[in-house]
Each structure stands twice: as structure tokens, then as C-alpha cells.
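Listed below, chain by chain, are the residues.
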Amino acid sequence: MFEIKQINVAYGESHVIHEVSLTVGANESVAIMGRNGMGKTTLLKSLIGLLPTLSGQILMDGQDLAGMPSYKRVKQGLAFVPQGRMVFPFLTVEQNILTGAEHSGHRTVPDYIYRFFPVLQEMKHRKGGNLSGGQQQMLAIARALISDPKVLILDEPTEGIQPSIIKELAQTLNLLRKERGFAIVVSEQVLSFALDLADRFLVIDRGRIVHAEARAELDQDRVRSFLTI
Ligand SMILES: Nc1ncnc2c1ncn2[C@@H]1O[C@H](COP(=O)(O)OP(=O)(O)OP(=O)(O)O)[C@@H](O)[C@H]1O
Ligand SMILES: [Mg+2]
């Protein structure tokens, strides 16, 4: 189980994340919804250790990861797909995926990754920079998966991706989650994608969680009202 307890994050004097708590069950998928600038990236970066937390706990099966460097958090089961994907443009697709394998010991790309993303297999010798936005997003996800995560964290994975690919991406992530047994924490502004993917929806507003609903009782209009200005 992955548990965030009352974390605070700041950029210097600017306090951005306020007392955010969140529990993610094994195999559960949680969406963090919020408009531009509400703190989604800041929160997710603090979970993986790209930004320090001022206070609070980040517990993986009871062990506190707060204060650990990112690579140790990856070893403990967190993986991060950053906003904007950050694919290495001059490395091949295969080399890009293997950059994520440093701590899992995989020397080759596991078969299941190419089974879920056959286009990456077809393009494995192409340069990352030559892929479309959607293909780069798949590549970034593959690179995160090769660390064998318990919790896959994705920061606005639909940004800059065609609607047809967005639908496919949600389906693929659901199948992967089921087969591989990991949990998902995803930040989003696109409600339809989150509806396809998440069991639970949280809304972040100016760095605070202001609303939380399970998928079963989701009031779509209510969540949408938080996402429109
Ligand atoms: N490096 C930084 N230094 C100072 N303030 C920052 C920095 N990065 C982000 N902020 C501020 O922190 C707040 C939250 O930004 P953040 O990028 O986390 O939002 P977001 O929800 O991810 O937005 P978007 O949907 O545009 O990606 C904003 O007010 C932003 O201006
Ligand atoms: Mg962001």
C-alpha cells in the first residue's frame, strides 16, 4: 500500500502543496484532477523525489521514502512518467527503455512491454526524437515499467496527444495494471481519460485536495466544475 501523509512542498518562499494526504491501494488507480498551475506536477515530483518535501510522509508498505533520493524510491517501487515525456531524442527506442532498467536488473526489454506496445518493437532501432507524441508517451511509459513498479505515477499523460490515441492509452494502461498488478497515480485535466482509467478521483486546487469521489458515485458535473475556470 502507498500512503501519502500531510505533505508540504515549497519553491523557496512559495508554499505550493499544503497538507496533501492520499492512500492508494494495491492495484488501485487514482486520478488527481486540477487546472493549470494547481500543483499537480509539484505534488508528483515530490513523491518521486525530484522536489523535496518540507514535511509529511511518503509511505510504501510502511516504509517512509521522504528524504530518499529518487533512485532509491524507484528501487522501493515508484516509477514516474514526467509531464512532456522527456524521451532522449538521440537514443533509440530500445536504448530509451533500457535507461529505466538501471535498478531492476533487466538487460533486455521484457516481452510483455513489446506485447502491449507493438509499435515500440517495430520502431526499436529508431531514434526517440523521430516518434510521434503518442508513441513517445508509450515509450516513456515503457521506460517506467521496466523498473517493475508497484506504483506508476503519470503526470498529464494525455497532454499533446491525439484523442484516438488517448482512448487507446487508457485501455492499455488498464490491461497493464491488471496483468502486472501495479497501482496508478495519474494527474489529469482530461476528464474522459480519467473516467476510463481511475477508480477514484481527487481534485487539487491551489495545492490542496478539495474534493474526493469514488468512481461509482462520481458526480461528473461537480468534477468538471472544478476543471473549468
Ligand atoms: N520551479 C518553480 N519555481 C517556482 N514556482 C513554481 C515552479 N514550478 C511551478 N511553480 C508554481 O507552482 C504552482 C504549481 O505549479 P505546477 O507546475 O505544480 O502546476 P500543474 O498543476 O502541474 O500545472 P499544469 O497543468 O500547467 O502542468 C504554480 O503556481 C507554479 O507557478
Ligand atoms: Mg503540470
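Residues numbered from 1 in each chain as written. Chains lettered and ligands numbered in written order. Predicted model: local features only at pLDDT ≥ 70, side-chain atom pairs only at ≥ 80, totals over all residues.

*Asks:* Whenever I open this one, the sheet that holds strand 6 (residues 78–81) confuses me. Can you help?
*Replies:* In a beta sheet, neighbouring strands are held together by backbone hydrogen bonds and run either parallel or antiparallel to one another. Strand order in the open sheet formed by six strands is 6-7-8-3-9-10, with mixed pairing between adjacent strands. This sheet does not close on itself; its edge strands, each paired only once, are strand 6 and strand 10 (208–214). Averaged over all neighbouring strand pairs, the angle between strand axes comes to 20°, with direction disregarded. As judged from the four bridges shared by strand 3 (residues 29–33) and strand 9 (residues 200–205), these two strands associate in the parallel manner. In the sheet register, Ala-31 faces strand 9, and the bridge partner there is Phe-201. Packing of helix 1 (residues 40–48) onto the sheet brings it into contact with strand 3, strand 6, strand 7 (151–155), strand 8 (183–188) and strand 9, and relative to strand 7 it is tilted by some 150°. Across the sheet, helix 9 (residues 220–227) touches strand 3, strand 9 and strand 10, and the angle it forms with strand 9 is around 30°. (Pairing = 2+ DSSP bridges. Helix = DSSP H or I, 4+ residues; strand = E, 2+ residues; numbered from the N terminus. Axes fitted to C-alpha atoms, helices over the stretch in contact; angles between N-to-C directions. Contact = placed C-beta atoms within 7 Å.)

*Asks:* Before we go on, may I ask you to explain the nonpolar core in this structure?
*Replies:* For soluble globular proteins, the rule of thumb is that nonpolar side chains tend to be buried together. Residues Ala-31, Leu-139, Ala-142, Val-151, Ile-153, Ile-184 and Leu-197 are the most contacted members of the largest nonpolar core, which totals 60 residues. Tallying contributions element by element places helix 6 (residues 133–145) first for this core, with seven residues. Setting aside anything within four residues of it in sequence, one finds Ile-184 in contact with Ser-29, Val-30, Leu-152, Leu-154, Leu-173, Arg-177 and Leu-197. (Core = buried A, V, L, I, M, F, W, Y, C linked by C-beta atoms within 7 Å. Buried ≥ 20, exposed ≤ 12 C-beta atoms within 10 Å, placed from the backbone.)

*Asks:* Looking at this structure, I do not really get the environment of Thr-108. What am I missing?
*Replies:* By secondary structure assignment, the location of Thr-108 is in the loop between helix 3 (93–98) and helix 4 (111–116). Once the C-alpha coordinates of Thr-108 and Ile-97 are considered, the two residues, 11 residues apart in sequence, prove to be 9.1 Å apart.

*Asks:* Quick question: what am I supposed to make of helix 7 (residues 163–180) here?
*Replies:* Because the α-helix completes a turn every 3.6 residues, residues three or four places apart line up on one side. For helix 7, with 18 residues, the first-to-last C-alpha span of 26 Å sits near the 26 Å given by 1.5 Å per residue. Within the sequence span of helix 7, burial applies to Leu-169, Ala-170, Leu-173 and Leu-176. One face of helix 7 carries all of its buried residues, which in axial projection span an arc of 135°. Of the residues in helix 7, the exposed ones pointing more than 90 degrees away from the buried face are Ser-164, Gln-171, Leu-175, Lys-178 and Glu-179. Where helix 7 is buried, its residues touch helix 4, helix 6, strand 8 and helix 8 (191–197). Taken from the residues just after helix 7, Gly-181 is the one with a positive phi, measuring 75°. (Expected span 1.5 Å × (residues − 1). Arc of directions from axis to C-beta.)

*Asks:* How do you make sense of the site of ligand 1 when you look at a structure like this?
*Replies:* Lining the immediate surroundings of ligand 1 are 13 residues, of which Tyr-11, Asn-36, Lys-40, Thr-41 and Thr-42 lie closest. Sorting the residues of the shell around ligand 1 by element identifies strand 2 (14–24) and helix 1 as the ones contributing at least two each. (Near = placed C-beta within 6 Å.)

*Asks:* Got a minute to help me understand the environment of Asn-36 in this structure?
*Replies:* Topologically, Asn-36 is positioned in the loop between strand 3 and helix 1. Overall, Asn-36 belongs to the exposed group, with 8 C-beta atoms counted inside 10 Å. Asn-36 sits 114 residues away from Lys-150 along the chain, and the two C-alpha atoms are 28 Å apart.

*Asks:* For this particular structure, what's the right way to read the pairing of strand 3?
*Replies:* Moving residue by residue along a regular strand, the side chains alternate between the two faces of the sheet. Among the five residues of strand 3, five are classified as buried, and the element is accordingly described as predominantly covered. For strand 3 and strand 8, the ladder comprises five bridges, and the chain directions are parallel. Bridge assignment links Ser-29 to a residue of strand 8, and that residue is Ile-184.

*Asks:* Explain the sheet that holds strand 1 (residues 2–11) here, please?
*Replies:* In spatial order, the strands read 2-1-4-5; together these four strands make up an open sheet with antiparallel pairing. Each end of this open sheet is capped by a strand with a single partner; those strands are strand 2 and strand 5 (63–64). Across seven bridges, strand 1 lies against strand 2 in antiparallel orientation. The residue bridging Tyr-11 from the neighbouring strand is Ser-14, located in strand 2.

*Asks:* Hey, could you run me through the environment of Ile-97 in this one?
*Replies:* Mapped onto the elements, Ile-97 comes out in helix 3. Overall, the presence of 28 C-beta atoms within 10 Å leaves Ile-97 in the buried class. Along the primary structure Ile-97 and Leu-139 are separated by 42 residues, whereas in three dimensions their C-alpha atoms are 6.7 Å apart. Apart from the residues lying within four places of it in its own chain, the contact partners of Ile-97 are Val-109, Ile-113, Leu-139, Ala-142, Arg-143 and Ile-146.

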